[in-house]
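This is what each chain is made of:
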Amino acid sequence: MIEVEHLSKTYGSTPAIQDLTFSVAPGEILGFLGPNGAGKTTTMRILAGYLPASSGTARIAGYDVHEDSMAVRRRIGYLPENPPLYPEMTVEEFLKFVAGIKGVRRRDRTTKVNSAIERCNLLEKRHVLIRKLSKGFRQRVGIAQAIVHDPPVIILDEPTVGLDPRQIIEVRQLIKSLASDHTIILSTHILPEVSMTCSRVTIINKGQVVATNTPDNLMAQLTGGSGYEIEVDGEPLALQKMLTVLPGVSVVELVPAKDLPENRCLIRVITQPGAEPGRDIASLIIKAGLGLYEMRRTFASLEDVFLKLTLEDKAVQSLNGEGF
Ligand SMILES: Nc1ncnc2c1ncn2[C@@H]1O[C@H](COP(=O)(O)OP(=O)(O)OP(=O)(O)O)[C@@H](O)[C@H]1O
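About the cut-offs
Residues numbered from 1 in each chain as written. Predicted model: local features only at pLDDT ≥ 70, side-chain atom pairs only at ≥ 80, totals over all residues. Near = placed C-beta within 6 Å. Helix = DSSP H or I, 4+ residues; strand = E, 2+ residues; numbered from the N terminus. Nonpolar A, V, L, I, M, F, W, Y, C, P; charged D, E, K, R; others polar. Pairing = 2+ DSSP bridges. Axes fitted to C-alpha atoms, helices over the stretch in contact; angles between N-to-C directions. Contact = placed C-beta atoms within 7 Å. Core = buried A, V, L, I, M, F, W, Y, C linked by C-beta atoms within 7 Å. Buried ≥ 20, exposed ≤ 12 C-beta atoms within 10 Å, placed from the backbone. Arc of directions from axis to C-beta. Domains from an automatic or database assignment.

(A) Molecular detail of the site of the ligand. Lining the immediate environment of the ligand, one finds Tyr 11, Thr 14, Ala 16, Gly 34, Asn 36, Gly 37, Ala 38, Gly 39, Lys 40, Thr 41, Thr 42 and His 189. A per-element tally of the shell around the ligand places helix α1 (residues 40-47) first, with 3 residues. Tallied by class, residues from the shell around the ligand come to 3 nonpolar, 8 polar and 1 charged.

(B) The sheet that holds strand β3 (residues 29-33), seen in detail. Strand order in this open sheet of 6 strands is β6-β7-β8-β3-β9-β10, and the pairing throughout is mixed. Both edges of this open sheet fall to β6 (76-79) and β10 (208-213), since each of them pairs with a single strand only. Taking the axes of each pair of neighbouring strands and ignoring which way they run, one obtains an average angle of 15 degrees across the sheet. The pairing of β3 with strand β9 (residues 200-205) spans 4 bridges and is parallel. Bridge assignment links Leu 30 to a residue of β9, and that residue is Arg 200. The strands touched by helix α5 (residues 135-147) are β6 and β7 (153-157); relative to β6, the strand with the most contacts, the crossing angle is about 160 degrees.

(C) Representation of the nonpolar core. Counting residues in each nonpolar core, the largest one holds 67 residues, and the members touching the most others are Leu 47, Leu 95, Ala 144 and Ile 155. Grouped together as the second largest cluster of nonpolar side chains are 10 residues, Ile 230, Leu 239, Val 269 and Ile 281 included.

(D) Structural view of helix α3 (residues 91-101). Every buried residue belonging to α3 is among Val 91, Phe 94, Leu 95, Val 98 and Ala 99, and all of these are buried. Looking straight down α3, one finds its buried side chains confined to an arc of 135 degrees; they lie on one side. Elements in contact with the buried residues of α3: α4 (106-119) and α5. Gly 103, located one to two residues past α3, shows a positive phi value of around 85 degrees.

(E) Geometry of the domain arrangement of the protein. Each assigned domain of the protein is listed here: domain 1 (2-213) and domain 2 (223-298). One C-alpha centre belongs to domain 1, the other to domain 2, and the line joining them spans 46 Å.

(F) How the structure looks around α1. For α1, the tally of buried residues reaches 7 of 8 residues, placing the bulk of the element in the interior. Listed as buried for α1 are Lys 40, Thr 42, Thr 43, Met 44, Arg 45, Ile 46 and Leu 47. Just downstream of α1, Gly 49 is the residue with a positive phi angle, here 80 degrees.

(G) Structural context of the pairing of β6. The two faces of β6 match: Ile 76 and Tyr 78 on one face and Gly 77 and Leu 79 on the other face are all buried. By the bridge criterion, 4 bridges tie β6 to β7 in an arrangement that is parallel. Looking across to β7, one finds that Tyr 78 is bridged to Ile 155.

(H) Seen up close, the sheet that holds strand β14 (residues 292-298). The strand order across the open sheet built from 4 strands is β12-β13-β11-β14, with neighbouring strands paired in antiparallel fashion. The open sheet has two edge strands, β12 (249-255) and β14, and neither has a second partner. Here the strands of the sheet are splayed against their neighbours by 20 degrees on average, with no regard to which way each runs. Note: β12 against strand β13 (residues 264-271), 6 bridges, orientation antiparallel. Residue Glu 253 lies in a different strand from β13, and its bridge partner there is Arg 268. Helix α9 (residues 236-244) contacts β11 (227-233), β12 and β13 of the sheet and is inclined by roughly 165 degrees relative to β12.

Here's what the structure looks like:
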């Protein structure tokens, strides 16, 4: 539904995005994740037809965003970082106005506006002036204006920025509810956002795609973060020597920890992909006559993936999912 190939944009001499290639299948929610300045807004604006690319192509529903921009605009709903709302209009007036601009026929406008109001949970606010709305409700109006003409594709740029935690949950639920009959791309720098809302994630850093996969696969591939943390009596070097040789163990390291009693240490064991050496680790420690005070599983998080990818460019190739 969205196909981006070798897309680049340079502002003067500043490369904002470089050679981006990715796609979004019908019905998917793709999270476009990257740190500040990674090029997310630039990409969203190009997709929405608001900014020309320097090179490469982007197609939505088969239409080139640059060459067929009118056809593209009819098929997309776009929520920019700061949605242009008219504060002196009521929610309903504004949505009717936008529906007109987006080419919804006069006789269909009431139905479409009602449907957008309902889907975005704005019923109680439909006659309220936009300037009187909280940030969370304004964001819903922003989403409502993006979907009022019922486009197959929705482009959301940082949809939960500036919202309080309750509003964030509500807006995320709203986005998920739209996924059943829309294709969605949403940009964000918030990690939990992608695991909670998106079926797939593309991570960009410094204008380049560094990984694309499902959130679960990204985490699974970063097996280096999974393992155990163990609080145990004993001398760290001796423990390291003892545990490293166990099958399924790849790294044993000391975790700096304050306030531990003398002669006790905190050890992190990183396991090999798919290995479960927990039982062997525990029995080895006990057989050696050492006190085992705590042992808990640790899992790689999407945060680990993100940090690894955005801090260590070398990690990139091994994490790219096949077939994307
Ligand atoms: N109009 C502009 N003129 C010059 N440089 C720009 C312009 N817009 C963006 N840039 C630069 O392009 C790069 C990408 O910016 P972009 O806004 O797309 O990133 P982003 O991932 O959306 O960041 P943020 O999360 O901070 O909004 C940055 O280095 C930015 O400084």
